[in-house]
Amino acid sequence: SMQSIEKDTFSVNQREIEAHQINLQHLCRICGGSFKNDLYKRSHPVHGPVDDEMQALLRKKERKATSWPDLLNKVFKVDVRGDMDTIHPTNFCHNCWSVVQRKFSNVPCEVYFPRKGTMEWHPHSTSCDVCGTSSHGLKRKKQDPSPQGGKKLRIIAERARRIMYARSQKQVNSKNIMKKITNCKKIHLSTKMLTVDYPADFVKSISCQICEHILADPVETTCKHLFCRLCILKCLKVIGSYCPSCRYPCFPTDLVDPVRSFLNMLNALAVRCPVKTCHEEITLGKCSRHLS
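Keep in mind that this is a model prediction, so the values were computed, not measured.

Account for the packing of helix 3 (residues 68-76) against helix 4 (residues 94-104), naming residues and giving values.
It is the contact of helix 3 with helix 4, at a shortest axis distance of 10 Å, that shows an interaxial angle of 75°. One element, helix 3, and the other, helix 4, form an angle in the roughly perpendicular class. Of the residues in helix 4, those in contact with Trp68, Leu71, Leu72, Val75 and Phe76 of helix 3 are Cys96, Trp97, Val99, Val100, Lys103 and Phe104. Classifying every residue of the contact of helix 3 with helix 4 by side-chain character gives ten nonpolar, no polar and one charged.

Structure, rendered in structure tokens:
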């Protein structure tokens with residue numbers, strides 16, 4: 001029965017991901033708007049060479065950039081070369097195309113960018129904005145609930161609760177598995193060793209997202225998550241080449257050191273000595289020297 005439940009959950013997840021990808025094809029990569037809002041439903045591919053009209057304008061302005069990734073990076077500061085079709089849309093709307101044209105043209109035109117910043121795209125999750133119907137489309141008129149409709153809704157809600165519970169249990173189990181893989185309890189310091197009672201968000205920002213200890217020799221992934229170097233290398237070797245937090249593709253060669261200001265702040269944190277007989281308070285940067 002457990003195998004059948006897992007199989008049903010897997011099939012539901014696959015259907016959700018397929019529906020997520022279909023919805024992405026109707027959204028703009030830059031602003032997140034729907035192509036259905038355009039009367040002519042015009043769209044332009046994110047990758048590849050620019051169209052003839054833009055090419056003529058660029059030649060007139062003596063610009064060397066001839067591909068859409070270069071132009072989008074210059075205008076919107078968005079690097080689309082590392083996009084994944086399971087996370088990012090592959091087209092952008094005509095309004096964003098007009099913004100690019102206005103950037104390289106002196107002709108005044110009334111074009112407004114719909115957002116203060118470009119859209120940030122994340123992998124499919126339980127609280128996915130792409131698959132939600134509240135942010136896209138018009139609200140339907142409220143109808144009187146029928147007995148059969150109410151029963152259907154209850155069944156659907158019960159299934160959704162079971163799926164979410166199974167998914168949460170799976171996340172908890174995967175986190176426990178990763179902690180067992182790292183097995184760094186005797187190596188890394190717990191956040192309880194901090195002498196100051198910091199806010200929970202700050203403690204989370206200086207903690208490894210695998211072992212939940214204070215970051216030791218921290219590294220940063222391409223998706224901007226922080227881990228202990230030893231923990232992330234062990235997990236990448238066992239579970240595969242993706243980020244344990246968001247499942248974005250990640251390889252050992254992609255790991256980089258965080259900015260120096262963050263490392264200085266981390267090394268300046270006051271911690272208690274982990275040795276029970278010693279009650280001295282030291283900075284994190286001097287902890288290894290103190291222990292030796």
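Go over the UniProt feature "domain: RING-type" (unreviewed entry) in the protein chain with me, naming the residues and quoting the values.
Residues annotated in UniProt with the feature "domain: RING-type" (unreviewed entry) correspond here to residues 208-247. Secondary structure across residues 208-247 divides into 28% helix and 15% strand, with the first and last C-alpha atoms of the span separated by 16 Å.

Can you tell me about the packing of aromatic side chains, naming the residues and giving the values?
Following the criterion strictly, the structure yields two aromatic pairs and no others. Look at tryptophan 68 and phenylalanine 92: their rings are 5.1 Å apart centre to centre, the planes differ by 70°, and that puts the pair in the edge-to-face class. In this pair, tryptophan 68 is assigned in helix 3 and phenylalanine 92 in strand 2 (residues 91-93), connecting sequence segments 24 residues apart. With a relative accessible area of 1%, tryptophan 68 lands in the buried category.

Help me get a handle on the UniProt feature "domain: RAG1-type" (unreviewed entry) in the protein chain, residues and values and all.
The sites that UniProt annotates as "domain: RAG1-type" (unreviewed entry) are residues 269-292. Here residues 269-292 runs as 21% helix and 25% strand, with 19 Å between its end C-alpha atoms.

Explain the environment of histidine 44 to me, and be specific about the residues and the numbers.
Along the chain, the position of histidine 44 falls in strand 1 (residues 43-45). For the pair formed by histidine 44 and arginine 29, sequence separation is 15 residues and the distance between their alpha carbons is 10.0 Å. Once residues within four sequence positions are removed from consideration, histidine 44 is found in contact with Asp51, Thr90, Asn91, Phe92, Cys93, His94 and Trp97. One polar contact links histidine 44 to histidine 94, side chain to side chain, over a distance of 3.1 Å.

Tell me about the packing of helix 2 (residues 52-60) against helix 4, residues and numbers included.
Where helix 2 meets helix 4, the closest approach of the two axes is 10 Å, and the angle between their N-to-C directions is 15°. As the angle between them shows, helix 2 and helix 4 are arranged roughly parallel. As helix 2 runs across helix 4, the sense of the crossing is left-handed. Where helix 2 abuts helix 4, its residues Glu53, Met54, Leu57 and Leu58 lie against Trp97, Val100, Gln101 and Phe104. In terms of residue class, the contact of helix 2 with helix 4 is built from six nonpolar, one polar and one charged.

Calculation criteria
- Residues numbered from 1 in each chain as written.
- Predicted model: local features only at pLDDT ≥ 70, side-chain atom pairs only at ≥ 80, totals over all residues.
- Heavy atoms only, no water.
- Axes fitted to C-alpha atoms, helices over the stretch in contact; angles between N-to-C directions.
- Helix = DSSP H or I, 4+ residues; strand = E, 2+ residues; numbered from the N terminus.
- Parallel < 35°, antiparallel > 145°, perpendicular 65-115°, else oblique.
- Contact = heavy atoms within 4.5 Å.
- Nonpolar A, V, L, I, M, F, W, Y, C, P; charged D, E, K, R; others polar.
- UniProt positions renumbered as here; feature names shortened; annotations may be inferred.
- Phe/Tyr/Trp six-rings, centres within 6.5 Å; stacked < 30°, edge-to-face > 60°.
- Buried < 20%, exposed > 50% of the residue type's maximum accessible area, 1.4 Å probe, protein only.
- Polar contact = N/O pair within 3.5 Å; in protein donor to acceptor, adjacent residues only side chain to side chain.
- Left-handed = near helix turned anticlockwise from the far one by under 90°.

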